Every structure is written in structure tokens, then in C-alpha cells.
Amino acid sequence: MPSATDPRAQVAAAAARLEAAGVASPVNDAEILLAHVLGIRRGDLVLATDVPAADAARFEDLVGRRAQRIPLQHLTGTAGFRYVDLAVGPGVFTPRPETELLAGWALERAREVVERVPVVVDLCTGSGAIAASIAHELPGAAVHAVELDPDAFTWAQRNLSGTGVDLREGDMADAFDDLDGLVDVVVCNPPYIPLTAYDGVAAEAREHDPALALFSGEDGLDAMRVLERVAARLLRTGGVVGAEHADLQGTSAPGVFASSGRWVDVRDHHDLAGRPRYLTARLAR
Ligand SMILES: C[S@@+](CC[C@H](N)C(=O)[O-])C[C@H]1O[C@@H](n2cnc3c(N)ncnc32)[C@H](O)[C@@H]1O
């Protein structure tokens, strides 16, 4: 790292170090870390004229840890998701930008429920990202969320405190029996990576996201099969479910729903990069 206090030189040197370490977005990460250290927004970095020595030392330490592939969000302690900021760190899955699309879909469907208070359930809530977004953007909705992992549950408690979300600790398989047949929208970003794909998972995820958040049986669809049954139990007739899946599951994940005979309008949706990303379906019975 340069001893110069010029922020641009600091970012350039840090980005080169991160790129050499295999970090996918080195300039982005260097800028976010420097802004974090300086206590300013990233967009205001252009206005910064120097980096005080103490901040430069802290920045160098953070860049070194990022070069070890510690997730950026664990270093800043926060992950932005739609319009909310979530506290994240060891023990909880870091919310991903692609999941914002699924949350947006759930919000649109909940907004269509005008004759009563829309009831939304976020299964596998992790940090609480989807539930927090829905509560934030649609304050009139009744939002419920469940998480199995005790560590992740603690993060969700922190993030959902004061939001009005009904958060419960437990297995989605038997969650919310008090809501059977009463739910308008079920949304879920389940674990979906096949156990056989372990070696192909990025270092940040493999070493820092909890295994329970990532892997789901040989074909990655064990949790999807549970979700299919739980969503059928929770939803009203005509209620809808949306679930994220891996980009290689654009046929197999919707197939879990299509083959059960309980669903109509089974569709798959692409993310902004054009990859299959989430399925949606409507309860038929
Ligand atoms: C891929 S993460 C998604 C977290 C969050 N919804 C998000 O999008 O950022 C999956 C989450 O499901 C939780 N989970 C796995 N199996 C579960 C189960 N049977 N019941 C409830 N939660 C479960 C994991 O602990 C993890 O927090």
C-alpha cells in the first residue's frame, strides 16, 4: 500500500492487491472499504482529498482481510438490500443483489391484495432481508418469517426488531401451523446448491456463509421439495409462492411444483444477467 495520502492512489493500490487475490470486483470493494473507513458515502469519495494516517492503516488492514476472501459485508458489518441495510457477519448468509428481484416480485403480489391485509411469509429468512424489505416497502402487510439456524436467527432478530415482522425460530417444514390456508404470498430463498457442486462455490461463500444456508442434498432441491409442501399448506386458494434457485435449476426447480399437481401458472424468471433465477406458482386447489 502506498504511503501517499491521496485517496485515488490508495484505491488503485488496494484494487490491484484485491485483483491479484482473485476478488471479483476489486475497484468496487476498495472504494467501499475506503468510504467505510472514512465514514463517508462511496459517492463522496471524489470529494475526499487525503486519507489520515490512522485511517490508511485501518484501510490497509481491511484490504488485507478482503484479500483473504473475507466477504466485503463482514468487513463493513452491513449489507444493503433494496431500501434497507442489514447487519451481517459470521453465522448468517450475506444477502445477494439477485434476491432483490424475488423480494420485488413478492411485494408486487402482496400489493395486489386490496380486500384485506396481505399476509406474507418469508421462509428461510436468514438475516431477515426479504421480510425486512416487505415490511419497509409495504407497512400495511402482515409479515411473518422463520429461520432454523440459531446463529442466523439472532441476526434476524437484530434486523427485524421494530419492523413489526413476526419472526420465529424453527424448521420451515412445520412452521406457522396457525396460518394454514391464510397466506397470500409465500416467498423463500432456500439453500439450493447441490452437495456435488461444493468445489465450485466461491471462497467467500464456502468459508463464510453457513453450510445450512447453501447446500441442499445431492441435486440441491431437498429444501425446494419441502417448500412445495409447506407453501401448499400455508397458502389460500389462488395464493402465490416465489422461490429462488440456482441458475442450472431453471427447469428442475419449477418441475418440483409442476409435477405435484397442486399448482397452476408455474413460471420461471430470469435475473438481470439473463440467468434463470426464481420460480413462481399459484395454488390451484
Ligand atoms: C440462502 S439463505 C437465504 C437467507 C435470506 N432469505 C436471504 O435471501 O438472504 C437460506 C437460509 O435458510 C435457512 N434454512 C435452511 N433450512 C431451513 C429450514 N428447514 N427451515 C428454516 N430455515 C432454513 C438457512 O439457515 C439460511 O439462513
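Because the structure is predicted, anything quoted here is derived from the model rather than measured.

Re the pattern of salt bridges
Move 1: Under the counting rule described, the total for this entry stands at 23 salt bridges.
Move 2: One salt bridge in this structure joins Asp44 and Arg41, with 3.7 Å as the shortest N-O distance.
Move 3: For Arg225, the salt bridge goes to Asp222, with nearest N and O atoms at 3.0 Å. Placement of the pair is Arg225 and Asp222 together in helix H10 (residues 222-234), with a separation of three residues, close to one helical turn.
Move 4: According to the relative accessible area criterion, Arg225 is partly exposed, its value standing at 31%.
Move 5: Given a relative accessible area of 39%, Asp222 falls into the partly exposed group.
Move 6: Within the structure, one salt-bridge network assembled from shared partners comprises Asp29, Arg66, Arg69 and Glu204.

Topic: the site of the ligand
Move 1: Every one of the 17 residues lining the ligand counts as a neighbour, but Cys124, Glu147, Asp171, Met172 and Asn189 are closest to it.
Move 2: In the model, a nitrogen atom of the ligand is placed 2.8 Å from a nitrogen or oxygen of the Met172 main chain.
Move 3: Residue Asn189 places a side-chain N or O atom 2.9 Å away from an oxygen atom belonging to the ligand.
Move 4: Burial of the ligand by the protein amounts to 95% of the accessible area it has alone, namely 590 Å².
Move 5: Looking at side-chain class alone, the shell around the ligand contains nine nonpolar, five polar and three charged residues.

Description of the packing of aromatic side chains
Each aromatic ring pair is described using two quantities: the centre-to-centre distance and the angle formed by the ring planes.
Move 1: Summed over the entire model, instances satisfying the criterion amount to two aromatic pairs.
Move 2: Geometrically, the ring pair formed by Phe257 and Trp263 is edge-to-face, given 5.3 Å between the ring centres and 65 degrees between the ring planes.
Move 3: Residue Phe257 is classed as buried on the basis of its relative accessible area of 0%.

A short note on the pairing of strand S9 (residues 276-283)
Moving residue by residue along a regular strand, the side chains alternate between the two faces of the sheet.
Move 1: With six of eight residues buried, S9 is to be regarded as a mostly interior element.
Move 2: As paired strands, strand S7 (residues 235-244) and S9 are joined by five bridges and run antiparallel to one another. Among the inter-strand pairings, Val241 is bridged to a residue of S9, identified as Ala281.
Move 3: Between strand S8 (residues 263-270) and S9, which pair antiparallel in sequence order, lie five residues; one of them, Gly274, sits at a positive phi of approximately 80 degrees.

What about the state of the cysteines?
Move 1: Inspection of every chain in the model, using the stated rule, returns zero disulfides.
Move 2: Here Cys124 is not cross-linked by a disulfide; its sulfur's nearest cysteine counterpart is in Cys188, at 3.8 Å.

Rules used throughout
- Note that residues are indexed from 1 along each chain, following the sequence as it is written.
- With the structure being a predicted model, the display of local features is reserved for residues of pLDDT at least 70 and the display and counting of side-chain atom pairs for 80 or more, all residues being used for whole-chain, interface and lining totals.
- Only hydrogens and water are removed before side-chain values are computed, so all heavy atoms of the structure are retained for them.
- Salt bridges are identified by distance alone: a Lys or Arg side-chain nitrogen within 4 Å of an Asp or Glu carboxyl oxygen.
- Secondary structure counts use DSSP, requiring at least four H or I residues in a row for a helix and at least two E residues in a row for a strand, with both numbered from the N terminus.
- When accessible area is computed with a 1.4 Å probe and restricted to protein chains, residues below 20% of their type maximum are described as buried, those above 50% as exposed, and intermediate ones as partly exposed.
- For each residue, the test is whether any non-hydrogen atom lies within 4 Å of the molecule or strand; if one does, the residue is near.
- We call two N or O atoms a polar contact when they sit within 3.5 Å, provided that within protein one can donate a hydrogen and the other can accept it, with sequence-adjacent residues counted only if both atoms are side-chain atoms.
- What sets the accessible areas is the Shrake-Rupley method with a 1.4 Å probe; for residues, cover comes only from the shown protein chains.
- Amino acid classes used here: Ala, Val, Leu, Ile, Met, Phe, Trp, Tyr, Cys and Pro are nonpolar; Asp, Glu, Lys and Arg are charged; the rest, including Gly, are polar.
- Any Phe, Tyr or Trp ring, taking Trp's six-membered ring, that has another such ring centre within 6.5 Å forms a pair; planes under 30 degrees apart are called stacked, those over 60 apart edge-to-face, and the others tilted.
- A pair of strands counts as paired when DSSP detects no fewer than two bridges linking them.
- Here, two cysteine sulfur atoms that lie within 2.5 Å of each other are counted as a disulfide.

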